[in-house]
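# What the coordinates show
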Amino acid sequence: MEQQWNPASYPQSPSAIFLLVATSYTWLLPVTSPQRIPIDPQAAPEYAHSIRLDGDIILGGLFPVHSRGDRGTPCGELKKEKGIHRLEAMMFAIDLINKDPELLPNITLGARILDTCSRDTYALEQSLTFVQALIEKDGSDVRCANGDPPVFTKPDKIVGVIGAAASSVSIMVANILRLFKIPQISYASTAPELSDNTRYDFFSRVVPPDSYQAQAMMDIVSAMGWNYVSTLASEGNYGESGVEAFVQISRETGGVCIAQSLKIPREPRPGEFDKIIRRLLETSNARAIIMFANEDDIRRVLDAAKRNNQTGHFLWVGSDSWGSKISPVIGQERVAEGAITILPKRASVDAFDRYFRSRSLSNNRRNVWFAEFWEENFNCKLGMHGKRPGSLKKCTGLEKVGRDSSYEQEGKVQFVMDAVYAMAHALHRMHRELCYGYPGLCQRMASNIDGKELLGHIRAVSFNGSAGTPVVFNENGDAPGRYDIFQYQITNRSIAEYRVIGSWTNKLDLKVEAMRWRTGDPSLPASVCSVPCRTGERKKVVKGVPCCWHCERCEGYHYQASEFTCELCPYEMRPDSNRTGCVPIPIIKLEWHSPWAVFPVFISMLGIIATSFVIVTFVRYNDTPIVRASGREMSYVLLTGIFLCYAITFLMIATPDVGVCSFRRIFLGLGMCFSYAALLTKTNRIHRIFEQGKKSVTAPRFISPASQLVITFSLISVQLLGVFVWFAVDPPHAVVDYGEQRTQDPMAARGVLKCDISDLSLICSLGYSILLMVTCTVYAIKTRGVPETFNEAKPIGFTMYTTCIIWLAFIPIFFGTSQSAERMYIQTTTLTISLSLSASVSLGMLYMPKVYIILFHPEQNVPKRKRSFKAIVTAATMSGKLTQKGGDRPNGEVKTELCESMETNSDETTYLPCAHAQKCTLPM
C-alpha cells in the first residue's frame, strides 16, 4: 500500500516542498531553455500532456482520461465516459460562464486540464504543474550556452482545481494543494476521510460523502432482508473508507453481519480476481456483495465471476463508482443482471448533449485526447499514427457522435459542471467584494487571489446547478446526501439497461415491485447466514457472528418471549399453537354424559329407586311383624344412610362450586356413617344381650328403640362435629387443579375444576365411617354364633364381610391412580361405585328378603307366641349347648323352636316369624 502524504512531516516552505516532491518523483522540466536536460528522460510518457485554455483566471482540472496501466505502465486504455465526457463538461461549463454576462463579467476563465490515469501517484506528479507558479525559481546556478542567465516562462497560476475523480487521487493531491492554499472542488470523490476539515481544509465536493452513501447502501440491504453480506473494496482511500463506513454503520445499527471484507490490490497479480471469487464462495450464504471499487476492478470482478460459472449467484450492490455506467458491464450483462447501484441524484444536462454531439475532429482541436476518443468511439483508425494499430477501418472524420455510435451522457457530467460553476460563483462573490464596480480583474485579484479567502466564498455559495438541483456546502465542504438507486435489468427483449428503482434523501424510498431478478422469481433473493426461525423457535446465536444462529424450539410449557428467549408460561396457562404467547389451559370437569359418569349414575339411580321402594314398603307395612321385628327405627336410619350413599354420586359429578363442595364435605361420609352407626348399634345390642344372658337373666341396659336411636345419633354426631371443624378451619371452595393433568404435551394439559378436598381430607372424612364399619365387622364376627333367625346377625355379618372386601379393593385403585392423567375420572368413579356397592350390599342382604316375604309371602308375616326376656335368654343358652352337642349328631342338625323374638320393652313384644312350622336350622 502506498504511504500517504503527511504534510506535517515535511518542510512548510513552498520552495522546499516543491524541490522535495520533484526529487521524490523525478519530474521537473525547464520550460524554455533548450540547454536544460530533464531530470528523468522517462518523465514525459506518451499521455503526459495536458489541455490548456487561456484566460484571466486559470482553473486546474484533474480527470481520469485513461485507465491505470499494467505492470509499471502509468496509463492504460482511454476512458470515453469517465474521462472524455467529464473533461468536455468542464470545458463546456467554462464556455457557458465566459458567455454569461451576469457571472464574472469581463473576466475570462481558462483551464489547465491534466490526465490522472486513474492512479494516485501519477496524479500527484501531474498536479505539481498547478503549484509551479507559486515556486520562486532560483536560476543563479544556471547559465545558458552563451553565458546569459536563463529566462523562465512564467507558468500559469492556478487559483482553484476541479477534481479529482478517485478519492485516493483527491487525497494525494489535496495534501499538496492545501500547503499552497489552492481550493479544490471534486466532482466524484466521496471518501468519508475527506470530510476531515482539519486535514483537508481546502477540499470541497459537490457530491455527498460515502458516509451518506454507506448509510443508503445499508438501508437498501436492510430493506432487502439481507443480514449476511461480504464487502469488496479497491485498495485506496475510496474503497477502504467506503467499506469502513459501511462496516461501522452495520456495527452501530446491528442486524447486518459482514461475512468477509476483501480488498483488491492496486497492482493485482494474474489470477487475483479468480482467487477473490473463490474466497467469496467460502461463505456462499453471503450472496450480497457490497462493492466500493473503481470501474476497472468492477469489470474484472464480473469477468472472474463469469469465468467461474457464478452467473446469478452473487447479488451485487455497487457504489457510485459503478452507478449507471455501461463500461463495467459490457459483455458481462448476464453476470451483472440484478445488480443494485447507487449514484448521487442527478439529471441529464440537455445542453451538454447538444454540445457533445456537435463535437468533431475539426471543431475540437483544443482537446488533445479527442482524436484518440474518435478512434475508440467509432472503431476506426486515423492515418498511420493512429492509436489503434491493426484496425482495418479508416476514419473519415465525418462520423457523428450519437449517429454513428451509441451515446449516453456520463453520470458525473452534471457534477463536473456544478463544480466549475461553484468555483465561478465563489470568484464572482470575491470579485464583488474586492473589485466592486470595477470591470474585469482589479489589481487586488490580478496580482494575487488569496486561496483562504476564496475558500470562504466557496463554502458560502448557494445556487441551482446545471440540472436544477441546489448546490450548497456544509462546514466540511460536503454536499447534502441525495441518491438515485438503480438496478441493472435485462428485459424480455434481451435489452440490458439501468432502471431507477428508488431514491435516498436521508431515508430510503425503494420500489421493490419494480425490481427484477435473473431467475424471474418476483420474490426477493436471500443473503442470510441462517434462515429465519419458525414461530415458536428461538435463535441461539453463534458466538461472534450475531447474524448466524441455530433455531431451538421452545419446548414444554415455554413460549417464544422474544427473538432470542423462551420463557415459561404462568402455571395456569400453556403456549398457544405457534408458541408465540400463552393461553389459558382449558378447564374440565366430570361431565354428565361422560362414560365415567354414566355408569355410576345408572347404579345410583337404580339404588335410589330400590331404596325408595323398600322405604315405601316398610312404611306401608309398618305394623307387620317382619317390619317390627327388624327394628323399625333403626331400619329407617339404616335406609336413610343407604339412600345418602346412592345420592352422593350426584354431588360428586355435579359442577363444583361453594355449595356443591359444602354438600360434598357433609354427605361424603355421612351416608356411610348413618349406615354403619345403625348396624354397629344393632350388632352391639345383639352381642350385649347374649353376653348378658350368659351371666344372668336380667336384661342389659340401653336396648330399647329410643336408646338405640340415641346411641346411633351420638355416633353420627361425631362425624358431623368433624365436618363442622373442617368447615371452620378450611372453608370449602372450588379450585382449578392445573397439576393433575399437566402432561408433557401442553396441548393435552387440562385444568381440573374440583373441590378443595385433598386425598388426606377424603381419607379423614371417610376414616370415621370406615372405623365404624370395621368395628361393626368385629361385632358381626362375635355374634356369628347366635341363632340364625335372631335379629339378622348372620345377614349383618355377611354384609360387613362383603363391604370390607369392597373397600379393600377401593384403596389400591383410588391411590394407585393418583399419578394417572385420568385420575379425576378414575377416582370419582371408583369412589361413587364403591359407595353404591356398599349400599347395595346392605340393601340386598338386609332388606330385600324381608320385602320379598312382605309382598310375595304375606302368610309368613304373622305374629307368634310372646316370650319373656327370661325365656329368650334361656332358649339362647340352650341353643348354645345344643350347638355343642350337635357335633355328635350324624347329620349335625338340631331342631328347635327358637323363633320368638325378645321382648323389646315393657309395653310391646316384637316377633320374629319362623317359616315351615318354626323349625329353624342352627349351624354347627
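Residues numbered from 1 in each chain as written. Predicted model: local features only at pLDDT ≥ 70, side-chain atom pairs only at ≥ 80, totals over all residues. Heavy atoms only, no water.

The condition that has to hold: UniProt positions are given in the numbering used here, feature names are shortened, and annotations may be inferred rather than shown by experiment.
Per an unreviewed UniProt entry, the chain goes by Glutamate receptor, metabotropic 8a and derives from Salarias fasciatus. UniProt's Sequence similarities (unreviewed entry) comment on the chain is quoted here verbatim: "Belongs to the G-protein coupled receptor 3 family." Its UniProt record gives the chain a comment under Subcellular location (unreviewed entry), which states: "Cell membrane".

## A closer look at the overall build of the chain
Worth spelling out the cut-off: Where helices and strands are cited, they refer to DSSP runs of H or I of at least four residues and of E of at least two residues respectively, numbered from the N terminus. The cut-offs for exposure are 20% and 50% of the maximum accessible area for each residue type, with area from a 1.4 Å probe on protein chains only; residues under the lower value are buried, those over the upper are exposed, and the others partly exposed. It only takes one pair of heavy atoms within 4.5 Å for two residues to be counted as in contact. All accessibility values rest on the Shrake-Rupley procedure with a 1.4 Å probe; residue burial counts only the protein chains present in the view.
Counting secondary structure elements, the chain contains 24 helices and 29 strands. Across the 924 residues of the chain, 52% fall into the buried class. Once local pairs closer than 6 in sequence are excluded, the contacts in the chain between residues at least 24 apart make up 69%. Entry remark: accessible area of the chain is about 41,900 Å², with carbon and sulfur atoms responsible for 55%.

## Re the packing of helix α17 (residues 632-653) against helix α19 (residues 705-729)
This is how it is decided: Axis definition: a line fit to C-alpha positions, over the contact stretch in the case of helices; interaxial angles, taken between N-to-C directions, run 0 to 180 degrees. Roughly parallel covers angles under 35 degrees, roughly antiparallel covers those over 145, roughly perpendicular covers 65 to 115, and oblique covers all other angles.
Where α17 contacts α19, the axes come no closer than 9 Å and their chain directions differ by 25°. If you check the angle between α17 and α19, you find them roughly parallel. Where α17 abuts α19, its residues E633, M634 and V637 lie against P705, Q708, L709, T712 and F713.

## Examining the sheet that holds strand β2 (residues 57-63)
Note the following rule: What makes two strands pair is DSSP finding at least two bridges between them.
Reading across the sheet, the six strands line up as β1-β5-β2-β6-β7-β8 and stay open at both edges, with mixed pairing between neighbours. The sheet terminates laterally at β1 (51-53) and β8 (203-205), the two strands that pair on one side only. The sheet shows a mean angle of 20° between the axes of neighbouring strands, direction not considered. Relative to strand β5 (residues 109-115), β1 runs antiparallel, the two being bridged by three bridges.

## Structural notes on a nonpolar patch on the surface
Stated precisely, the cut-off is as follows: Like-charged residues are merged into a patch within 9 Å and nonpolar side chains (Val, Leu, Ile, Met, Phe, Trp, Tyr) within 5 Å, provided each residue has over 30% relative accessible area and no salt bridge. What makes a salt bridge here is a side-chain nitrogen of Lys or Arg within 4 Å of a carboxyl oxygen of Asp or Glu, nothing more.
A surface patch of nonpolar side chains, amounting to about 420 Å² of accessible area, comprises F613, Y852, L855 and F856. Of the residues forming the nonpolar patch, the biggest block, three residues, is contributed by helix α23 (residues 848-856). Tracing the sequence through the fold places Y852 in helix α23.

## Some words on the sheet that holds strand β25 (residues 587-588)
One open sheet accounts for three strands, arranged β25-β27-β26; its pairing is mixed. Edge positions in the sheet fall to β25 and β26 (734-741), since each of these pairs with one other strand and no more. As defined by bridge partners, β25 adjoins strand β27 (residues 750-755) across two bridges and the pair is classed as parallel. Note that in β27 the partner of I588 across the bridge is V752. In the packing of helix α22 (residues 823-846) onto the sheet, the strands contacted are β25, β26 and β27, and the crossing angle to β26 comes to about 115°.

## Some remarks on the state of the cysteines
To keep it simple, the criterion reads: Note on terminology: disulfide denotes any pair of cysteine sulfur atoms within 2.5 Å.
Across all of its chains, the model carries nine disulfides by this definition. Here C435 connects covalently by a disulfide to C442, the sulfurs 1.7 Å from one another. On the S-S bond that ties C435 to C442, the torsion sits near -50°, and the link is left-handed. Here C435 falls in the buried class, since its relative accessible area comes to 2%.

## What about the pattern of salt bridges?
Here the structure, examined in full by the defined rule, presents 30 salt bridges. D296 serves as the salt-bridge partner of K79, at 3.9 Å between the closest nitrogen and oxygen. Here D296 lies in helix α8 (residues 295-307) and K79 lies in the loop between β4 (75-78) and α2 (80-99), a separation of 217 residues in the sequence. Pair check on accessibility: K79 and D296 agree, each one buried. Residue D623 is joined to R632 by a salt bridge in which the shortest nitrogen-to-oxygen separation is 3.0 Å. Exposure remark for D623: the relative accessible area of 59% places this residue in the exposed category. Its relative accessible area of 17% is what places R632 among the buried residues.

## Notes on the environment of M634
Looking at the element boundaries, M634 is found in helix α17. By relative accessible area, M634 is classed as buried at 6%. Put simply, M634 and K682 are 48 residues apart on the chain and 7.9 Å apart in space, counted from C-alpha to C-alpha. Apart from residues lying up to four places away in sequence, M634 is in contact with A678, T681, K682, Q708, L709, T712 and Y847.

## Things to note about the packing of aromatic side chains
In plain terms, the rule: Working definition: rings of Phe, Tyr and Trp (its six-membered ring) pair if their centres are within 6.5 Å, and the pair is stacked with planes under 30 degrees apart, edge-to-face with planes over 60 apart, and tilted otherwise. Either the NZ atom of lysine or the CZ atom of arginine qualifies as a charge over a ring when it sits within 6 Å of the ring centre and within 35 degrees of the ring normal.
Inspection of every chain in the model, using the stated rule, returns 24 aromatic pairs. Plain terms: the ring middles of W374 and F378 are 4.6 Å apart, the flat faces sit at 55° to each other, and that makes the pair tilted. Highlighted residues: W374 and F378, both in helix α11 (residues 370-378), separated by four residues, approximately one helical turn. With a centroid separation of 6.0 Å and 55° between ring planes, the pair formed by Y483 and W504 is classed as tilted. Here Y483 is found in strand β16 (residues 483-490), whereas its partner W504 is found in strand β17 (residues 496-504), with 21 residues between them in sequence. In terms of burial, Y483 and W504 fall into one category: buried. Connected via pairs of aromatic rings, a cluster forms that spans F92, F352, Y355, F356, F370, F373, W374, F378 and Y407. A cation over an aromatic ring shows up here: R665 above the ring of F727, its NZ or CZ 5.7 Å from the ring centre. Above the plane of the ring of Y557 lies R742, whose end atom (NZ or CZ) is 3.9 Å from the centre.

## A few points about the UniProt feature "transmembrane region" (unreviewed entry) in the chain
Mapped onto the present numbering, the UniProt feature "transmembrane region" (unreviewed entry) falls at residues 596-616, 636-656, 662-681, 702-729, 760-781, 793-815 and 835-857. Structurally, residues 760-781 comprises 100% helix and 0% strand, and the distance from its first C-alpha atom to its last is 30 Å. Along residues 835-857, the helical share is 91% and the strand share 0%, with 31 Å between the first and last C-alpha atoms.

## What to know about α8
The criterion, for reference: Given the number of residues in a helix, its expected span is that number minus one, multiplied by 1.5 Å. For this analysis, a polar contact is any N or O atom pair within 3.5 Å, provided that within protein one partner can donate a hydrogen and the other can accept it, and provided that sequence-adjacent residues contribute only side-chain to side-chain pairs.
With 13 residues, α8 ought to run about 18 Å at 1.5 Å a step, and its terminal C-alpha atoms sit 19 Å apart, in line with that. Residues of α8 that are buried include every one of E295, D296, D297, I298, V301, L302, A304 and A305, and no others. Two or three places before D296, at the opening of α8, N294 has a side-chain oxygen 3.2 Å from that residue's backbone nitrogen. At the C-terminal side of α8, N309 shows a positive phi close to 55°.

## Section: the side chain of K325
Rules: Positive charges come from Lys and Arg alone, negative charges from Asp and Glu alone, with His and the N- and C-terminal ends not counted.
Mapped onto the secondary structure, K325 falls in the loop between β12 (315-318) and α9 (333-336). Buried charged residue K325 carries no salt bridge. Nearest counter-charge: E410, at 4.5 Å.

## Quick word on a positive patch on the surface
What counts is decided by this rule: Think of each charge as sitting on NZ of Lys, CZ of Arg, CG of Asp or CD of Glu.
Judged by side-chain charge, R269, K275, R278 and R279 come together as a positively charged surface patch. With respect to the helices and strands, the residue R279 is situated in helix α7 (residues 272-281). Residue classification places R279 among the partly exposed positions, given a relative accessible area of 38%.

## Quick notes on the environment of N464
Structurally, the position occupied by N464 is in strand β14 (residues 463-464). The class of N464 is exposed, set by a relative accessible area of 58%. Each C-alpha atom of the pair N464 and D418 lies 8.8 Å from the other, and the pair is 46 residues apart in sequence. Apart from residues no more than four positions distant in its own chain, N464 is found in contact with T469 and P470.

## A word on unusual backbone geometry
The omega torsion across G163 and A164 is 0°, close enough to zero to call that bond cis. With respect to the secondary-structure elements, A164 resides in the loop between β6 (158-162) and α4 (167-177). Of note in the backbone geometry, N506 takes a positive phi value of approximately 70° without being a glycine. Backbone geometry places R579, a non-glycine residue, at a positive phi of 60°. Of note, R579 is situated in the loop between β23 (573-575) and β24 (582-584). Since its relative accessible area comes to 9%, R579 is described here as buried.

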